[in-house]
Amino acid sequence: MIDERNQELASLYALELLAGDERSRFERELARNADLGRLVAELRAAAAELAHTASPAEPPAALRGRILASVAQKTSAPATGSLAVTATTPRRAGALFPWVLAAGFALGTVWFGARYVGTRAQADQLAQQMALADVALKSARLQIETEQLIGSRVAADFANFKATADRARDLAELKISALTSMLKNSPHALAVAVWDPRRDEGVFTVEKLPPNAADQRYELWLIDSKPVSAGIFAVAPDGHAKISFRPTAQVKDVTKFAVSREKNDGLPSHTAPSEVVMLSE
Amino acid sequence: MTMAPNQRSADDPGLGDAVLLQRISAGDRDAFGELYDRFSRPLYATALHILRDAAEAEDVIHDAFVAVWEKAAAFDAQRGSAFAWIVALVRNRAIDRVRSRSTHDRLLAASAPADLGYGADGTSGDVVTEVAAREDARAVRTAFASLPADQQEALRLVFFGGLTQEEIARSLNEPLGTVKARIRRAMHKLRDLLTSRP
């Protein structure tokens, strides 16, 4: 029987989620608990099956050949421990033998010494080359990172500039007009119409306009070659109103804005103003 | 190489895999080619899913199979199936590459189920078209899809995201204990479902 704690650790271990002391402790427990070992093996097998839940993808056709070629190369590499030695020097008996042996030993020592010095020099040279290559690699990486950083900053600056330019262009194309009152009883009424000709829409704000009577409504007009209604609106008791508007008919070149006072007949717009109470310059 | 004492029947593909590894350890290239043909598709799909880069996935599969050739004798069937062993070789290499890219934070941010190629219901968007592809894959997908969505998500973050327990807890905004218990339940249910398949 495996307790819940070990079941949990087995699951985490099978997914390689255990680390450090926790992993070491569990592996010690695993070494002496055969049931736990079987559970881990089963959980590992189940975890591996998750590979089948990846979106299917066919490995490149050439990959099999590449792998087999790598394996063949490793297999055909010359074995390092198979050096064969054949004795070609006839044995000589007698007093000369020790001298020949000593001379051979001396020559061998000199030869191996020279090889050692040469190899050591080559190794040092190789190490220097590797160090230089490492420095060059780090330098190249640094340069790439720097260029990427600069590139990203330039891109960000460009995006900001473009946004600013777009906004400036949009603002430049807006038509902003102030409307003044033509009413004697409220000469301080003031309104501003902001018109975006590219989108055929605008915003109208008015202050200090007398609240409309119950049987009356105000109506906003765009003056093209003729007045085009932008809809009726009501004014709050404090004289304030703000509306987003669109003309009820197509306009080409809006030159002025006007506000009229209309009878509250239930219609959303009219074809011509009745009594103009505000007009832009 | 050690064979598991509870090794399944002779027609069990798991047993065949272990035998292939035994032959590979003796230098049998035909066995190696056969093993590649058996496993390369899910392994490549896994590497690609983790790395999101075909060239890197190819390199990982190459290196992992060369490692199989070199280390086949070290395979211990007591510790798990041959497939599990090779999946671990691939997965570890792929996750190491992801981490060495220094884009782990980006991976964390991109760990939402939808970004891992799954729909909000936790099932693969390609499941329908893949049903006929492989019987094994279908069984696994069916089993996986039967897990609750939160358990599927946790397993995906571990297996394909290579996240640690703590990273998963942060990513899901859940206590660590909850995440551990969720993984335990998911793994045990998945094992039960897969071992009970015909």
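The preceding data block contains the structure.
In short, a report on the structure.

Each value, and the rule that gives it
Residues numbered from 1 in each chain as written. Chains lettered and ligands numbered in written order. Predicted model: local features only at pLDDT ≥ 70, side-chain atom pairs only at ≥ 80, totals over all residues. Heavy atoms only, no water. Helix = DSSP H or I, 4+ residues; strand = E, 2+ residues; numbered from the N terminus. Buried < 20%, exposed > 50% of the residue type's maximum accessible area, 1.4 Å probe, protein only. Contact = heavy atoms within 4.5 Å. Areas by Shrake-Rupley, 256 points an atom, 1.4 Å probe, with all protein chains shown as cover. Expected span 1.5 Å × (residues − 1). Polar contact = N/O pair within 3.5 Å; in protein donor to acceptor, adjacent residues only side chain to side chain. Buried area = accessible area lost by both parts, 1.4 Å probe. Salt bridge = Lys/Arg side-chain N within 4 Å of Asp/Glu carboxyl O. Nonpolar A, V, L, I, M, F, W, Y, C, P; charged D, E, K, R; others polar. Phe/Tyr/Trp six-rings, centres within 6.5 Å; stacked < 30°, edge-to-face > 60°.

As a further point, take the overall build of chain B. Along chain B, the regular secondary structure elements total ten helices and zero strands. Within chain B, the fraction of its 198 residues that count as buried is 49%. Restricting the contact set of chain B to residue pairs at least 6 apart, pairs at least 24 apart contribute 63%. Taken as a whole, chain B presents about 8,900 Å² of accessible surface, with 51% of it coming from carbon and sulfur.

Turning our eyes to something else, we now look at helix α3 (residues 54-71) of chain B. Taking 1.5 Å of rise per residue, 18 residues should cover 26 Å, and α3(B) covers 25 Å from first to last C-alpha, within 8% of that figure. Where α3(B) starts, the residue carrying a side-chain oxygen 3.0 Å from the main-chain nitrogen of B:A55 turns out to be B:D53.

On the chain A side, the residues contacting the 59 residues of chain B number 43 residues. In total, chain B and chain A occlude about 4,900 Å² of area from one another, counting both sides; carbon and sulfur atoms represent 64% of this. Summed over the shared surface of chain B and chain A, the result is seven salt bridges. Taking the shortest distance from any N to any O, the salt bridge between A:R66 and B:E58 comes out at 3.4 Å. Inspection of the region where chain B meets chain A yields 14 residue pairs in polar contact (both at pLDDT 80 or more). At the level of secondary structure, the elements contributing two or more residues to the side of chain B that touches chain A comprise α2 (29-51), α3, α4 (82-100), α7 (135-145), α8 (149-159) and α10 (176-195) of chain B. Looking at the side of chain B that touches chain A residue by residue, the classes come out as 28 nonpolar, 13 polar and 18 charged.

Okay, the packing of aromatic side chains next. Summed over the entire model, instances satisfying the criterion amount to eleven aromatic pairs over all chains. With centroids separated by 6.0 Å and ring planes inclined at 10 degrees, the aromatic side chains of A:W195 and A:F245 adopt a geometry described as stacked. Taken together, the residues A:W195 in strand β2 (residues 190-196) and A:F245 in strand β6 (residues 241-245) connect sequence positions 50 residues apart. The residues A:W195 and A:F245 share a single accessibility class, namely buried. An aromatic cluster is defined as three or more aromatic residues linked by ring pairs; in this entry it consists of B:F32, B:Y36, B:F65 and B:W69.

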